[in-house]
Amino acid sequence: MPDDDTSTALPQTCVRCGQVALLRIVGRCGDCIGTLGLDGGEEYTAWRAEVKAEFGAK
């Protein structure tokens, strides 16, 4: 991504909680990602699969 002064972060709505956030990964805000990680379970596993599908796995 080029380093210029015209790039800005735009707030977007989290698909899980509906909060507006600057950080979203595969639709979820940072707070929801933290909650998913702490709770574990099927919802976290499904989110991780979406991340891998979107960005690939290393």
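Before any of the text, the structure's been laid out above.
Figured I'd write up the structure that's included with this text. (Residues numbered from 1 in each chain as written. Predicted model: local features only at pLDDT ≥ 70, side-chain atom pairs only at ≥ 80, totals over all residues. Heavy atoms only, no water.)

### Here we look at the pattern of salt bridges
Summed over all chains, the structure comprises two salt bridges. Of the charged contacts in the structure, one is a salt bridge between Glu43 and Arg16, with a shortest N-O distance of 2.8 Å. Of the two residues, Glu43 is situated in helix α2 (residues 41-55) and Arg16 in the loop between β1 (12-13) and β2 (20-21); the sequence distance between them amounts to 27 residues. The class of Arg16 is partly exposed, set by a relative accessible area of 34%. Glu50 serves as the salt-bridge partner of Arg28, at 3.1 Å between the closest nitrogen and oxygen. You can see Arg28 sitting in strand β4 (residues 28-29) and its partner Glu50 sitting in helix α2, a full 22 residues away along the chain. The class of Arg28 is buried, set by a relative accessible area of 13%. In this structure Glu50 comes out as partly exposed when scored by relative accessible area, which is 31%. (Salt bridge = Lys/Arg side-chain N within 4 Å of Asp/Glu carboxyl O. Helix = DSSP H or I, 4+ residues; strand = E, 2+ residues; numbered from the N terminus. Buried < 20%, exposed > 50% of the residue type's maximum accessible area, 1.4 Å probe, protein only.)

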